[in-house]
Amino acid sequence: MSAPEFALLFVTVAVGSLLQVSIGFGLGLIAAPVIATLDPSLTPVVVLLLATGVTGAVMALEGGHADIRGAGWALVGRVPGVLGGAALVALLPARQLAFLVAAVVLAGVAVSLRGFVPRTGRRSVLLAGMVSGVMGTATSIGGPPMAMVWQRLSGPKLRSTMSGFFLVGSAMSLVTLAATGAVHSNSLRYTALLAPAAAIGVLLARPLSGRLDMRRTRSAAMVLAVASATVLVIQQFV
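Not measured: the values here are computed from a predicted model.

1. Description of the confidence of the model for the protein chain
Then, in step 1: Mean pLDDT for the protein chain: 80, with 80% of residues reaching 70 or above.
Then, in step 2: Taken element by element, the protein chain is modelled with least confidence in helix α10 (residues 214-235), mean pLDDT 66, and with most confidence in helix α9 (residues 185-209), mean pLDDT 89.

What follows is the structure in structure tokens.
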């Protein structure tokens, strides 16, 4: 990876981490397509490792607001999803995995823009957790299903509940991926190199969160995600 490419990735991770802390998701949605474009071998492990650190920071800051019961049911649903996602990583070649990343990003944006609001019951949370497990383990983008089912929660409660879910859920995905041999030294090296970018995003989120318009911030995240996914798809044909 060249120096300009790494600089782009560094900035992307910082912005994604800022969004993750501010609105509850965003790191995978924005960073995963960029990482898959620059080095597909780093997907999905690097984003999952970075997300574990970011969500851990959010839990340390706002964990008292979390809906423990809701997150627990979502994690029950995530278990079979993690196994399905790990199978996809093991079976799909890099090009098809890149298309899957792009498809997940675009589908997540489309659902968000349509404003679909599911009923927030145990069944919906379980199903969202399972879908998030498949998407998060295979592509590191597990935020949209949970953001959709928990969108009625208030800001602090939404952020802390999603962060608690992703902290445990990402660890589940990483353990499963490690068992399939998907975690390698190069992904660990890039995680260490990008950790300062994630830290910058977390530190900037605290003073900026009160000044950010949540609707505009979500819209900006969607635009960036679509642009990244589009570039990723185009790259597969070049």
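2. Some remarks on the side chain of Thr176
Then, in step 1: Mapping Thr176 onto the fold places it in helix α8 (residues 155-179).
Then, in step 2: Ignoring anything within four residues of it in the chain, the contact list for Thr176 reads Val82, Leu83 and Ala86.

3. So, helix α6 (residues 122-139)
Then, in step 1: Here α6 contains 18 residues, and its C-alpha end-to-end distance of 25 Å stays within 8% of the 26 Å for a straight helix at 1.5 Å per residue.
Then, in step 2: Among the residues of α6, Val125, Ala128, Gly129, Ser132, Gly133, Met135, Gly136, Thr137, Ala138 and Thr139 are the ones counted as buried.
Then, in step 3: Backbone geometry just after α6 places Ser140 at a positive phi near 70 degrees.

4. Details of unusual backbone geometry
Then, in step 1: With an omega of 0 degrees, the peptide bond running from Thr43 to Pro44 counts as cis.
Then, in step 2: Examined against the element boundaries, Pro44 turns out to sit in the loop between α2 (27-38) and α3 (45-62).

5. As for a nonpolar patch on the surface
Then, in step 1: Taken together, Leu127, Met130 and Val131 make up a surface patch of nonpolar side chains, about 240 Å² in accessible area.
Then, in step 2: For Leu127, the position within the fold is in helix α6.

6. Let's talk about helix α4 (residues 68-91)
Then, in step 1: In this model α4 runs 34 Å from its N-terminal to its C-terminal C-alpha over 24 residues, within 8% of the 34 Å that 1.5 Å per residue would give.
Then, in step 2: Roughly 35 degrees is the biggest bend found in α4, and it falls at Arg78, with proline Pro80 one to four residues downstream.
Then, in step 3: Those residues of α4 not exposed but buried are Gly70, Ala71, Ala74, Leu75, Gly77, Arg78, Gly81, Val82, Gly85, Ala86 and Val89.

7. Let's talk about the nonpolar core
Then, in step 1: If you look at the biggest cluster of nonpolar residues, it comprises 25 residues, and the most contacted ones within it are Ile141, Met146, Trp150, Met162 and Phe165.
Then, in step 2: Mapped onto this core, the elements with two or more residues apiece are α1 (3-23), α2, α4, α5 (94-114), α6, α7 (143-149) and α8.
Then, in step 3: When residues no more than four places from it in sequence are discounted, the contact partners of Ile141 are Gly28, Leu29, Ala32, Val101, Val104, Val105, Met135 and Gly136.
Then, in step 4: Leu50, Val54, Ala197 and Ala198 belong to the second-largest nonpolar core, a separate cluster that totals 22 residues.

8. Observations regarding the packing of aromatic side chains
Aromatic ring pairs are described here by two measures, namely the spacing of the ring centres and the angle between the planes.
Then, in step 1: Per the stated rule, a full pass over the model turns up three aromatic pairs.
Then, in step 2: A centroid spacing of 6.2 Å and a plane angle of 50 degrees characterise the contact between Phe6 and Phe10, whose relative ring orientation is tilted. With a gap of four residues between them, Phe6 and Phe10 both fall in helix α1, about one helical turn apart.
Then, in step 3: Judged by its relative accessible area of 23%, Phe6 falls in the partly exposed class.
Then, in step 4: Since its relative accessible area comes to 23%, Phe10 is described here as partly exposed.
Then, in step 5: Three or more aromatic residues joined by ring pairs make a cluster, and in this case those are Phe6, Phe10 and Tyr190.

9. A word on the packing of α4 against α6
Then, in step 1: With their axes 6 Å apart at the nearest point, α4 and α6 run at an angle of 35 degrees to one another. Our pair here, α4 against α6, has a crossing hand that is right-handed.
Then, in step 2: Split into classes, the residues belonging to the contact of α4 with α6 amount to 13 nonpolar, nine polar and three charged.

Criteria and thresholds
Residues numbered from 1 in each chain as written. Predicted model: local features only at pLDDT ≥ 70, side-chain atom pairs only at ≥ 80, totals over all residues. Heavy atoms only, no water. pLDDT = per-residue confidence, 0-100. Helix = DSSP H or I, 4+ residues; strand = E, 2+ residues; numbered from the N terminus. Contact = heavy atoms within 4.5 Å. Expected span 1.5 Å × (residues − 1). Buried < 20%, exposed > 50% of the residue type's maximum accessible area, 1.4 Å probe, protein only. Patch = residues over 30% accessible without salt bridge, like charges linked within 9 Å, V, L, I, M, F, W, Y side chains within 5 Å. Areas by Shrake-Rupley, 256 points an atom, 1.4 Å probe, with all protein chains shown as cover. Salt bridge = Lys/Arg side-chain N within 4 Å of Asp/Glu carboxyl O. Bend = angle between axes of the 7 residues up to and from the residue. Core = buried A, V, L, I, M, F, W, Y, C linked by side-chain atoms within 4.5 Å. Phe/Tyr/Trp six-rings, centres within 6.5 Å; stacked < 30°, edge-to-face > 60°. Axes fitted to C-alpha atoms, helices over the stretch in contact; angles between N-to-C directions. Left-handed = near helix turned anticlockwise from the far one by under 90°. Nonpolar A, V, L, I, M, F, W, Y, C, P; charged D, E, K, R; others polar.

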